[in-house]
Structure formats: C-alpha cells, structure tokens
4 protein chains.
Amino acid sequence: MRENVNFQSLSAEVLDEVRSALAMVDDERAEAVIEKLISAHKVFVIGVGRVMIMLQAFVKRLNHLGIEAYYVGEINEPAITQDDVLIVASGSGESVVPVAIGRVATKYHPTIIYIGSNLASTAAGMSNLQLRIPCRTKLNLPDELNSVQPMSSLFEQALLLTLDTLAFMIVEKKKLVLKDLWLKHANLE
Amino acid sequence: MRENVNFQSLSAEVLDEVRSALAMVDDERAEAVIEKLISAHKVFVIGVGRVMIMLQAFVKRLNHLGIEAYYVGEINEPAITQDDVLIVASGSGESVVPVAIGRVATKYHPTIIYIGSNLASTAAGMSNLQLRIPCRTKLNLPDELNSVQPMSSLFEQALLLTLDTLAFMIVEKKKLVLKDLWLKHANLE
Amino acid sequence: MRENVNFQSLSAEVLDEVRSALAMVDDERAEAVIEKLISAHKVFVIGVGRVMIMLQAFVKRLNHLGIEAYYVGEINEPAITQDDVLIVASGSGESVVPVAIGRVATKYHPTIIYIGSNLASTAAGMSNLQLRIPCRTKLNLPDELNSVQPMSSLFEQALLLTLDTLAFMIVEKKKLVLKDLWLKHANLE
Amino acid sequence: MRENVNFQSLSAEVLDEVRSALAMVDDERAEAVIEKLISAHKVFVIGVGRVMIMLQAFVKRLNHLGIEAYYVGEINEPAITQDDVLIVASGSGESVVPVAIGRVATKYHPTIIYIGSNLASTAAGMSNLQLRIPCRTKLNLPDELNSVQPMSSLFEQALLLTLDTLAFMIVEKKKLVLKDLWLKHANLE
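Summarised in this report is the structure supplied together with it. Bear in mind that the values here come from a model prediction, so they are computed numbers and not experimental data. (Residues numbered from 1 in each chain as written. Chains lettered and ligands numbered in written order. Predicted model: local features only at pLDDT ≥ 70, side-chain atom pairs only at ≥ 80, totals over all residues. Heavy atoms only, no water.)

Residues and elements named next belong to chain D. Spatial strand order, S2-S1-S3-S4-S5: five strands in an open sheet with parallel pairing. The sheet is open, and its two edges are formed by strand S2 (69–71) and strand S5 (129–132), each paired on a single side. Between one strand and the next, the sheet's axes are offset by a mean angle of 20 degrees, whatever the strand orientation. Here strand S1 (residues 43–46) runs beside strand S3 (residues 85–89); their pairing, made up of four bridges, is parallel. Opposite valine 43, over in S3, you have valine 85 as the bridge partner. (Pairing = 2+ DSSP bridges. Helix = DSSP H or I, 4+ residues; strand = E, 2+ residues; numbered from the N terminus. Axes fitted to C-alpha atoms, helices over the stretch in contact; angles between N-to-C directions.)

Time to look at the relation of the copies chain C and chain B. For the pair chain C and chain B, the relating rotation is 180 degrees, the translation along its axis is 0.0 Å, and the fit reaches an RMSD of 0.0 Å. The superposition operator between the copies reduces to a two-fold rotation axis. Of the C-alpha atoms belonging to chain C, the one lying closest to the rotation axis is found on Ile53(C), 3.2 Å away. Of the residues that chain C buries at the interface, 98% are likewise interface residues in chain B, meaning the two copies contact each other through the same surface. (Least-squares fit on C-alpha atoms with pLDDT ≥ 70 in both. Contact = heavy atoms within 4.5 Å.)

What follows covers the pairing of strand S3 (residues 85–89) of chain A. Residue and element names in this part refer to chain A. Counted residue by residue, S3 has five buried out of five residues, so it is predominantly covered. Here S3 shows no split at all, with Val85, Ile87 and Ala89 on one side and Leu86 and Val88 on the other all buried. With five bridges connecting them, S3 and strand S4 (residues 111–116) associate as parallel partners. Opposite alanine 89, over in S4, you have isoleucine 115 as the bridge partner. Where the polypeptide runs from S3 across helix H4 (residues 96–105) and back to S4, its parallel neighbour, the crossover connection is right-handed. (Buried < 20%, exposed > 50% of the residue type's maximum accessible area, 1.4 Å probe, protein only. Right-handed = clockwise from strand over helix to strand, strands pointing away.)

What follows is about the environment of Leu154(B). Residues and elements named next belong to chain B. Mapped onto the elements of the fold, leucine 154 is located in helix H6 (residues 153–173). A relative accessible area of 3% means that leucine 154 is categorised as buried. Sequence separation between leucine 154 and cysteine 135 is 19 residues, and the spatial gap between their C-alpha atoms is 6.6 Å. Sequence-distant contacts of leucine 154, that is, excluding residues within four places in its chain, are made with Glu17, Val18, Cys135, Leu145, Asn146, Ser147 and Gln149.

Here the focus is the sheet that holds strand S2 (residues 69–71) of chain B. All names here are of chain B. In space, the five strands of this open sheet follow the order S2-S1-S3-S4-S5, with parallel pairing throughout. What marks the edges here is a single partner per strand, and that holds for S2 and strand S5 (129–132). Neighbour-to-neighbour, the strand axes of the sheet open up by a mean angle of 20 degrees, direction not taken into account. Examined bridge by bridge, strand S4 (residues 111–116) and S5 share four bridges and lie parallel to one another. Looking at the pairing, isoleucine 115 lines up with leucine 131 of S5. Along the sheet, helix H2 (residues 27–39) contacts strand S1 (43–46), strand S3 (85–89), S4 and S5; its crossing angle with S5, the most-contacted strand, is approximately 130 degrees. Together, S1, S2 and S3 form the strand contacts of helix H3 (residues 49–64), whose direction differs from that of S2 by roughly 160 degrees.

Another aspect to go through is the packing of helix H3 (residues 49–64) of chain A against helix H6 (residues 153–173) of chain A. Residue and element names in this part refer to chain A. Where H3 contacts H6, the axes come no closer than 9 Å and their chain directions differ by 10 degrees. Classified by the angle their axes make, H3 and H6 are roughly parallel. By crossing handedness, the relation of H3 to H6 is classed as right-handed. Contacts between H3 and H6 involve Arg50, Val51, Met54, Leu55, Ala57, Phe58, Arg61 and Leu62 from the first element and Ser153, Phe155, Glu156, Leu159, Leu160, Leu163, Leu166, Ala167 and Ile170 from the second. Considered class by class, the residues forming the contact of H3 with H6 number 13 nonpolar, one polar and three charged. (Parallel < 35°, antiparallel > 145°, perpendicular 65-115°, else oblique. Left-handed = near helix turned anticlockwise from the far one by under 90°. Nonpolar A, V, L, I, M, F, W, Y, C, P; charged D, E, K, R; others polar.)

Before going further, it helps to spend a moment on empty space enclosed by the protein. All names here are of chain D. Within this structure, the stated rule accounts for two cavities of 30 Å³ or more. Within this model, the second largest cavity holds a volume of roughly 30 Å³. Lining the second largest cavity we find Cys135, Arg136, Ser147, Met151, Ser152, Ser153, Leu154 and Phe155. Here the residues of the lining of the second largest cavity are counted per class, giving four nonpolar, three polar and one charged. (1 Å grid on protein atoms, 1.4 Å probe; cavity = no way out; pocket = protein on both sides within 12 Å on 5 of 7 lines; lining within 4 Å. Points joined across faces, edges and corners; volume = space filled by probe spheres on them.)

Structure representation (structure tokens):
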C-alpha cells in the first residue's frame, strides 16, 4: 500500500519505470533505425490508440528535421514505395490494424521497422528491423518490465522518449542547427 | 406539414436546395479561385466543425491532383509563405479560429480566399478573393438561401460540391488523365 | 470533348450524377437503417480516406441529434457492445481496414450496417443490413453508375447526401425542434 | 562538443532534463488540478502542435478512468458549461488558437486550468488555476529550464509525464482497479 500519492512521489515512480525501459533499448539497433530513417525517401507510421498518438508526435518532429513523414490515415498521405520506411509500433505486435496495414505494405516492399515488446509477434515477423522496448503489454510476456501504472502507459511513455531520442540522434548526426528547424515548423498557430 | 418523410422525398428536397445554392456561385470567381490554386506553391485550408471536414476532403483531392495541400493543424503542416494560398471557409465569416488563423496568416502574405456566405464579414475582409455560397448561416442574413435542413447542413453540402467542382475544373484545365491520379493516392488501405 | 469547363456547367454534371445515385437508394432499406440508428445505444462508423471523412460529418450530426456516435479511432472511442451499431462504408466493400475492424466487431455482436456499392463484398457479407449506393468503385462492377468525375468522388458525394438525408429523416421522425439542436453543438469555436 | 551520440547517452540526457522539469511541479497545485478534474462534469483540452498531441493522449486516458473528456475540435465535441473544466496548455501561454478558444470559453464560465511555463501570459491570465512546468519556450524566459533538445521537446515530454502522473494520482485517489479500466477502452483495434 502506497503511503504517498502526491505528485512528486508518483512522478518519481513513473520516471524510474521509464528509465528502466529506456536502459533496455539496444544502441546498435537504434543506430540502424536512424540510418534507415535518414536514407528513406518517405517515412510512414502506424499504431493504434495512444501508441499512434506518440507516433504522430514523431511524424511532426521528423518533418521539422527535413524527413518527409506521414501517419497512415493522414489526409495528405501519399502512396508508399520500396524507397520508403514503414514503422509499425505495437507493444504486443498483434494489434489488428497495424498488422493489416503491414500486410498491405509488404506488397510495395518498403523497409518495415517494428517497435514494440514482442519479437515473436506477427508485426515483428513482417519487419526488416526490430527495436525492442520491453514494457508490459496486454499479453504479459514473461520478460517484460512490469509497471504500476494504468494499462500500457509505460510503453507509450517509453515510446515517446525513445522516438524523441532518435530525433535527437538525427539532429546530432546530420549536425542540424536547432534554430533553423523552426523554418519548417507550422507558423499558423 | 410534410406528408412523406421517406428517403426519396427528403433527398429530393436536399438536392433541390443544393442545386439552388450552386446556381448562385459565380463562374468568374470560381475561375479566379482555380487559377490561384493551380499557381500556388502550397494550399492551406481552415474552417471549423463540418466545414473543416469538407475542406479536408478537398485537401485530399488536391493532393491527388498534384497540388500540395494541408489543413491547418495537420500533423505535417509546414510553414506558410507569400507563394501559398490560404482558404478560409466559414458561412458567417466570423468563426473564431478561422478568423484568428487568418489574422496570423496575413503576416506571411499568402493569397487568402474566403469561401462563405457573408461578404461583409471579418474573414471576407482579410481575404484577397471571395467565392460566395449564399446559404443560411447562424447570422440569418436577409439574402441567404433558406433551408429546411438541420443547422448549417446546406452550406456544408454546397461547400463539398463546390470544392469537388473546382477539383473537376482543375482536372479539365490541366488535362489530367483520371487513371493516373491513383498514383498519388494512398495505397495503405 | 467538353465545350464548357466553367463552374456552372461542371457543377450541373456533378449534380446530375448525384441525383442519379440517390434515386437508386431504397426507401425501405433507408427506413430500416434509421430505425437501427434511433434504437442503438451507441453508433460507430468506419471507412477510409474521403469515405471516412463523410462518415465523420455524419458522426458530428448524429451527436447533435442526441444519438451518441463515434468514428473508429476517435480519441474518446469507447468499447462496442451488442447494443450498438457499426456502420461499415466502402464502395467496393473490400477496403482492408474497414473489413479488419468489421471482423473484430463481430466478436461483440453489434448490428453491422454496410453502406456501399458491392453487395457481394466481404464487408456486405459480415453485415446485418445493407444500404446500397451503386456508384462506380475501383472494382468497376457492371451495374454501377459511371461517373465523369475523378476517382470515387461520386460515391463520396452521394454518401454525404445519403447520410444527411438519413439525419433529416431522424429529425422528422423524432420531431426534433431544429433550433434546440444547437444546444448539443460545440460552442468553443 | 558531445563525444557520444548513441542512444543510451542521449536518452540519459533526455531523462535528466525531464526529471529536472518534473521536480519543479508543485505538489499542492497538482492536487488542486486533480480535484477539479474529478469533480468536473466534462473536461476539455486545447493546445497546438505536439502539445495538443500530448493533451489528446490525456483525453484518452481520462475517458478510461471514467472522466468524460474531449479535445477542442474533436468530432463529437459537446457544448461546454460552467460545470466543466477547460485545460489550456501552452509553454509560452501566448499560442493564438488556445488563447482565442480560452477567450470564447470564458463566456460559459468553466473552470480554466493553465498548464505551461509562463504565468505572466495571456492564457495564464484567463485561468482559475495554473500548473507550472518551467521548460524553455519560444520566449526564452529567464527562469525556465534550458534544454539541449530540439525546439520545445522538453516541454512536450514533461507535459506527457505530468499528465500521466495526474492520471496515476486519480487512479490512486479513486482507488480504481486497474484491470477494470479496460472495460472503457476501445475494443475495435
């Protein structure tokens, strides 16, 4: 039973969980992912629920970095080709829509990157590269990090920080000047 | 009191209203609008509620026609410049967000096109070109077409068909081959 | 070869096509659909691209009419149950995501309504009720209305006007007072 | 000049920044915020760009927790009343749309909560309660946490974790049983 449920004590628990999750992300895999992203003609992302929301934040940032990116279902989504990357994110790797979209995508031969917890999943199986964030999913796999937080919050938080770290790596790698990024940022707001 | 409320009789009433609205759209203004759209570097659109939904359908079609288009607030929305067009659609021309966005946009000097019913409105006042669809709005202006339909349905229906007619004019004008359009259509669906 | 490509002549062609499409919608089927919608606990809709956009406009209107409605993927989407209705709209009835979602939905036993052109499709096959709008789709079925417009524009236009006519029928059936509808309308705009 | 730009070293920098930001969030203010959220009839949120994305993730979670929530602009957004809460999130507190929406909202007298970095801003000025996350914004206020990350990433990350911590506090406070939360979770995915 928790003694304190104030903001500082609970946010410390959240941060500790996120730290544990990020510590298990593999450096070389992350390197491989950003190489694919940098050399892609276009990047597409698919997920569901809060996972899709985190992916949308990544799409927004990639565009700022000069990498053309779209979420599947976006109003101005173009056709995918073999020169593109599709990121399929799903903790369990079994979410219905991402798997269905991944299956359609294979017809056009893009590079598919799976981000999630379950390397034995259908989504992982159709991917060319996998980046594992081993957080508890609905499947409760034995080697996943447990979490005291509601539902799949930990995976979603770790996903945002993983994706933002990838964006940060791209900035460093391409030696982008931070203040120039605003030039590509929406100005109608 | 209506005798029949079956689908065929009510859809005939809806169609008659839409026909009356479209009949009042000015040919030369429409021509001027598509010239601006064709020569624009990028096209942005802003509206609220169901009006924004109709604009999103137009954005999707413009991209198929090879015209780069975005709705304001879209995940991958870029910066607007003086080479771009901003369409502000609002029946009353006084919707808060479109007017606020229009005001921000004027700093970057795009061509602003107002589409709506109220040429005396704030949105019309900040625009370079106006395309009037004179359907009843919340303001109940005296010279607007009345409607038996709920809320602003007539304006929204007339807006979709007006925008789709503009798209059709662009196809004819640019002599686009219809089956080639699918090349730019999303294929992950 | 078209002599005139001005707004009035092209919008007349568009309207004629839409009129032909709506004329083929069955009165009794439409009646059955609105009965399902009125008695539903909640209504969900799924489609892709511009079809989904038209469905979103319908969701917005249904909520104004006091019928709780959501599009699949909406941020605040709740769980579907056997007391609910799922509308699956797809011209061809074979769009990947609508079919995948329809398949998941059958586990929860909602009433599934198919709206589209292809009664022999997978989506139609999993539905309890079908409302046919026989417009040309990617499949080019023999008994579909042809169209001079780009892509599936005609289906999308006919879909919006069909759905708005259904909304209009609900207003008449429930004897809703039009000005009261604004009470449920978003006021932060 | 950074020696290592691998995932582990950069994610550690990101996490350190987020930890510093969260450490500056006031316990009593956070308590006051969740009391408002729990007693609200409905919760609305408004922001722009990636800030809006993080707010949408919060809306999704609040609904799981049994708190009716919407983002402004959502398809099924209802009318706001004096019994509701509006969260206006903006690092600088001067984002055009949030400020415009906040101004409209004041006519209906909801409780307005400002979340951001700038307590001297227009958005903070129209709010009844403020929760400060002092991260660098476009304004570069003197007392804000600086960041090595691109643009306003730190604010957005700290915002997600702050909101998720608030959700976690609500779970504890209302003694919600975590596995019951899935009952309100979308099941069409």
